[in-house]
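# A look at the structure
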Amino acid sequence: MFDVGRSSFIFLTKMTSELFVQYLLAGITYGSIYAIVAIGFNIIYNTTGIINFAQGEFVMFGGMIAITLLQFMPLPLAIILAVILTMIIGAGIEICFIRWLKAPSVLRLVIITIGISILSREVAVHVWGESIRSLPYFVGNEITSISILGARISPQVLWVVAASGLMFICLGIFFKTTSVGREMRACASNRKAATLCGINTENMVTLSFVLSAGMGALAGCMMSPITYSQYDMGTGLAIKGFTVAILGGLGSSGGAVAAGLLLGVIEAFSVSVVPLAFQDAIAIAILLIILFIRPQGLFGSKEASALKEF
Amino acid sequence: MKKLLLILPLLACVIAIQVVCSSTDTLYYLTQMTMSAYYSLLIIGLCVLMGYAGQISLGHAGFFAIGGYISAGLTTHSLIPFKDNALVQFLDSSGLLLAGQTLYGEELLVVSPGLACAVAIIAAAVIAVFIGIPVLKLKGHYLAMATLGFGIIIYRVVLAVEYFGEADGISEVPAFPLFAGLSVSGSFGDRVSNYYIAWGILLLGLILLLNLIDSRVGRGLRGIHGSEEAADAMGVHTARFKLQTFVLSAVFAAVAGVFLTHYNGGIGPSEAGVMKSVRYVAIVAVGGMANLWGALLMGVVLNFLSLRGVFGSYDDAVFGLILIVIMLFAPNGILSISFRHRLMQLFGKGKQKRDGEA
């Protein structure tokens, strides 16, 4: 954990510039994780119109599988294999539970994905138990730190931010330039028309689950040394990821990044005014407020949102 | 009225269970039946909200906890430090406070269970109104997430606030004396009477809801479930109907919370957890969404099995699995006609018929 950022009640007025940078960096780290979870929501939402309530469980699976595999192989290999396995789980979930439903109602899909989320958590608790685990730091250990603008941070923070940024860029390139990426976008903008053009939309939906599971898993591995992994970490992350996805405008990746960083920074600074126990409540309060006053998100347009079902 | 006559066989069953349990000396089953009855009270309230009005709520454990925790807090925390407060003095002089002694012989002054119950239920209703007005404008995923968020906030609050006992919850909640010597408490002597109190409250709630769904309001709600726009166009005041149902189901949850807390003599944060809310939704779904009898039956059966520990450490997994399986194969519940038809097809009967038609 970020000890300095979470130590106690330090009011903003007393904040030194080092402390300010410290909070800011903590916020950016958490924010980039939230952004990745939110982009995972967006990928699935775009191709299917489903909000996958089990998104947080992908993150949990990524971290937990990597920790288990680490006993048998070096760290980079364990992470790669964990991501691939989580992708397979994602594909399996889509094929077993969603692919063959004919025109299911939203309520039905919501309940099914909630069921999947609970079942995943229960599988995790029976496989890995309730203990809190973590991957080792990729470079150095708990006390290694580097200095940025007077603030001291763990090098792992750089890994998280770099991996998130890289994922974001790669995803952009994938959607813009490759033919599969273009087919997925076609599926997102109009599923019927895409089917008429000969695109196998069902496979595109499966692919979207695979992609978002992979992203979640990678985020889970990157954050594991700092935030630890536990079987029930999914729900909290899913709520925060969803908050970010809504805040940035559902379906927009750029918006998700901006909103993710915003939420991360708000949360990081809020520890100086709100007790730690209520920290989760801040994200939820933001979610409720944004749903009530601007459901199209901070950056979304009103016209586009009129077409969606809020 | 004809529908209400169905209550009579149910009443007969309730009495039969008590007689059998009493005569075979297995009264401990009644304890779980009593608890199941209170949980089922929440579930039939949620059933009207989800099945008839079509609004999902993943925050009903929150309302249960609001009811239980407020009642528990008011009846256990002593008001002695605030003795000089005008409000406390006024309540004391109007007989709404109870004086007593703690285990260590200290003076104790607490709110009487009747007033605490009223405060808890009013609090739940007021919170439901304030949450419901903005939340019920949302649909589908957004409504689910918003109510889930509300549930998590309540969970966080009871975990973090010292008044609510943080992770330990509140224990040693006193009995709730009703009328004529009856009281809601967990003592062994009151087991049979409490069984009837719980089922009496549940049946009362059921009659109320059965009447409601058969009324003009009930038809309006079903209209909202079918198509909100169409219902609006037909002159149904959709926003008000949805809010009223939301508040009604929140009150049902709070009543269940109050009574179960007094019956158990305590409440812990797990009652406010997300898994509880999901479990209630699962039970409503199994019962067939818009089917009060199904919700009641499944509420009693599944809660009873869960409380007896039949599912062991797979308790939550069972409810998750139920949720998925029901939604995949029988979205109208396992009592629905289409599901029975499907089952028949599966086992060959329906298949022959089809071949014959071809």
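Residues numbered from 1 in each chain as written. Chains lettered and ligands numbered in written order. Predicted model: local features only at pLDDT ≥ 70, side-chain atom pairs only at ≥ 80, totals over all residues. Heavy atoms only, no water.

## A word on the overall build of chain B
Our working definition: We count a stretch as a helix when DSSP gives it H or I for four or more residues in a row; a strand needs E for two or more, and each element gets its number in order from the N terminus. Our radius of gyration is a C-alpha quantity, and the globule rule it is checked against amounts to 2.2 Å times the number of residues to the power 0.38. Classification of residues uses two cut-offs on accessible area relative to the type maximum, computed with a 1.4 Å probe and protein chains only: under 20% is buried, over 50% is exposed, and between them is partly exposed. Should any heavy atoms of two residues lie within 4.5 Å, those residues are counted as being in contact. In short, Shrake-Rupley with a 1.4 Å probe defines the accessible areas, and a residue's cover is counted only from the protein chains shown.
Helix and strand counts for chain B stand at 15 helices and six strands. Here the C-alpha atoms of chain B give a radius of gyration of 22 Å, agreeing with the 21 Å that 2.2 N^0.38 yields for 358 residues. On the principal axes, the C-alpha backbone points of chain B span a range of 85 × 55 × 40 Å. Looking at chain B as a whole, 53% of its 358 residues are labelled buried. Within chain B, residue pairs in contact and separated by at least 24 positions form 76% of the contacts whose partners lie at least 6 positions apart. Split by element, the accessible area of chain B, about 16,100 Å² in all, is 65% carbon and sulfur.

## Remarks on the domain arrangement of chain B
Residue and element names in this part refer to chain B. Put simply, the test is: Domains are outlined according to an automatic or database domain assignment. Accessible surface is computed with a 1.4 Å probe, and the buried area is the amount of it that two parts give up when combined, taken over both parts together. Throughout this description, the term salt bridge denotes a Lys or Arg side-chain nitrogen within 4 Å of a carboxyl oxygen of Asp or Glu. Each polar contact in these results corresponds to two N or O atoms within 3.5 Å; when the atoms are within protein, one needs to be able to donate a hydrogen and the other to accept it, and residues that are neighboring in sequence are counted only if both atoms are side-chain atoms.
Under the domain assignment, chain B is made up of domain 1 (3–310) and domain 2 (315–358). Relative placement of domain 1 and domain 2: their C-alpha centres are 32 Å apart. The interface of domain 1 with domain 2 comprises 16 residues on the first partner and 12 residues on the second. Overall, the association of domain 1 and domain 2 removes approximately 1,100 Å² of surface from exposure, summing both partners, and the carbon and sulfur fraction of that is 77%. Put simply, D316 and R279 hold a salt bridge, and the shortest N to O gap is 3.5 Å. Inspection of the domain 1/domain 2 interface yields three residue pairs in polar contact (both at pLDDT 80 or more). Listed by contribution, the elements that provide at least two residues to the side of domain 1 that touches domain 2 are α11 (274–287) and α12 (292–307).

## Some remarks on the interface of chain A and chain B
Put simply, the rule reads: Only Asp, Glu, Lys and Arg are considered charged, only Ala, Val, Leu, Ile, Met, Phe, Trp, Tyr, Cys and Pro nonpolar, and every remaining residue, Gly among them, polar.
Listed per partner, the contact involves 41 residues of chain A and 39 residues of chain B. Summed over both partners, the interface of chain A with chain B comes to about 3,600 Å²; 82% of that surface belongs to carbon and sulfur atoms. Where chain A touches chain B, the interface holds zero salt bridges. Across the contact surface, chain A and chain B share three residue pairs in polar contact (both at pLDDT 80 or more). Counting only elements with at least two residues in the side of chain A that touches chain B, the list comes to α2 (17–48), α5 (106–128), α10 (233–247) and α12 (279–293) of chain A. When residues of the side of chain A that touches chain B are assigned to their parent elements, the largest contribution, 14 residues, is made by α5 of chain A. Class assignment of the residues belonging to the side of chain A that touches chain B gives a composition of 32 nonpolar, four polar and five charged.

## Side note on the confidence of the model for chain A
Residue and element names in this part refer to chain A. For clarity, the threshold we go by: The predictor attaches a confidence to each residue, called pLDDT, with possible values from 0 through 100.
In this model, chain A carries a mean pLDDT of 83, and residues with pLDDT of at least 70 account for 91%. Per-element confidence in chain A is highest for helix α4 (residues 75–98), whose mean pLDDT is 93, and lowest for helix α1 (residues 3–6), whose mean pLDDT is 42. Ignoring residues within four places in sequence, the model shows residues 1–12, a span with pLDDT below 50, making 27 contacts including any to other chains.

## A closer look at the nonpolar core
Residue and element names in this part refer to chain B. In plain terms, the rule: For the purposes of this section, nonpolar cores are sets of buried Ala, Val, Leu, Ile, Met, Phe, Trp, Tyr and Cys residues that join through side-chain atoms within 4.5 Å.
Counting 209 residues, the largest nonpolar core has Y38, I44, L206 and L292 as its most contacted members. No other element matches the 16 residues that helix α2 (residues 28–52) contributes to this core. Both domain 1 (3–310) and domain 2 (315–358) contribute no fewer than three residues apiece to this core. Beyond its immediate chain neighbours, meaning those up to four positions away, Y38 contacts V184, I197, A198, I201, A256, F259, L260 and Y263. L79, L91, L109 and A116 belong to the second-largest nonpolar core, a separate cluster that totals seven residues.

## Some remarks on the layout of surface pockets
Just so we agree on the cut-off: Every definition here rests on a 1 Å grid over the protein atoms only: cavities are sets of points where a 1.4 Å probe fits but cannot get out, pockets are open sets enclosed by protein on both sides within 12 Å along at least five of seven lines, and lining residues have some atom within 4 Å of a point. Grid points are joined across faces, edges and corners, and a volume is the space filled by probe spheres set on the points.
Reported here for the second largest pocket is a volume of approximately 1,200 Å³. Considering the residues around the second largest pocket, the lining is formed by 43 residues, among which P104, S105, V106, L107 and R108 of chain A are closest to the centre. Taken together, the elements giving at least two residues each to the lining of the second largest pocket come down to α2, α4, α5 and α9 (201–227) of chain A together with α6 (140–160), α8 (216–226) and α9 (228–233) of chain B. For the lining of the second largest pocket, the class distribution of residues is 21 nonpolar, 12 polar and 10 charged. Shared between two domains, the lining of the second largest pocket holds at least three residues of each, these being domain 1 (3–310) and domain 2 (315–358) of chain B.

## What to know about the packing of helix α7 (residues 179–189) of chain A against α9 of chain A
All names here are of chain A. Let me state the cut-off plainly: Convention adopted: a line fitted to C-alpha atoms gives each axis, helices being fitted over their contacting stretch, and angles between N-to-C directions are expressed from 0 to 180 degrees. Roughly parallel refers to an angle under 35 degrees, roughly antiparallel to one over 145, roughly perpendicular to one between 65 and 115, and oblique to any angle outside these ranges.
Relative orientation of the contacting elements α7 and α9 amounts to 105°, with a least axis distance of 10 Å. Taken together, the axes of α7 and α9 lie roughly perpendicular to each other. Judged by residue contacts, V180, E183, M184 and C187 of α7 engage T201, M204, L207, S208 and L211 from α9. Broken down by class, the residue content of the contact of α7 with α9 amounts to six nonpolar, two polar and one charged.

## Considering α12 of chain A
In plain terms, the rule: Helix span is expected to be 1.5 Å times the residue number reduced by one.
For α12 of chain A, which comprises 15 residues, the first-to-last C-alpha distance of 22 Å matches the rise-based estimate of 21 Å (1.5 Å per residue) to within 8%. Residues of α12 of chain A that are buried: Q279, A281, I282, A283, I284, I286, L287, L288, I290 and L291 of chain A.

## A short note on the packing of aromatic side chains
Put simply, the test is: Stacked, tilted and edge-to-face pairs are distinguished by plane angle, under 30 degrees for stacked and over 60 for edge-to-face with tilted covering the rest, among Phe, Tyr and Trp rings (Trp via its six-membered ring) whose centres lie within 6.5 Å.
Applying the stated rule across the entire model yields 23 aromatic pairs over all chains. With a centroid separation of 6.4 Å and 50° between ring planes, the pair formed by Y30 of chain A and Y34 of chain A is classed as tilted. Taken together, the positions of Y30 of chain A and Y34 of chain A, both in helix α2 and four residues apart, correspond to about one turn of that helix. With respect to class, Y30 of chain A is no different from Y34 of chain A; both count as buried. Members of the aromatic cluster, joined through ring pairs, are Y38, F176, F259 and Y263 of chain B.

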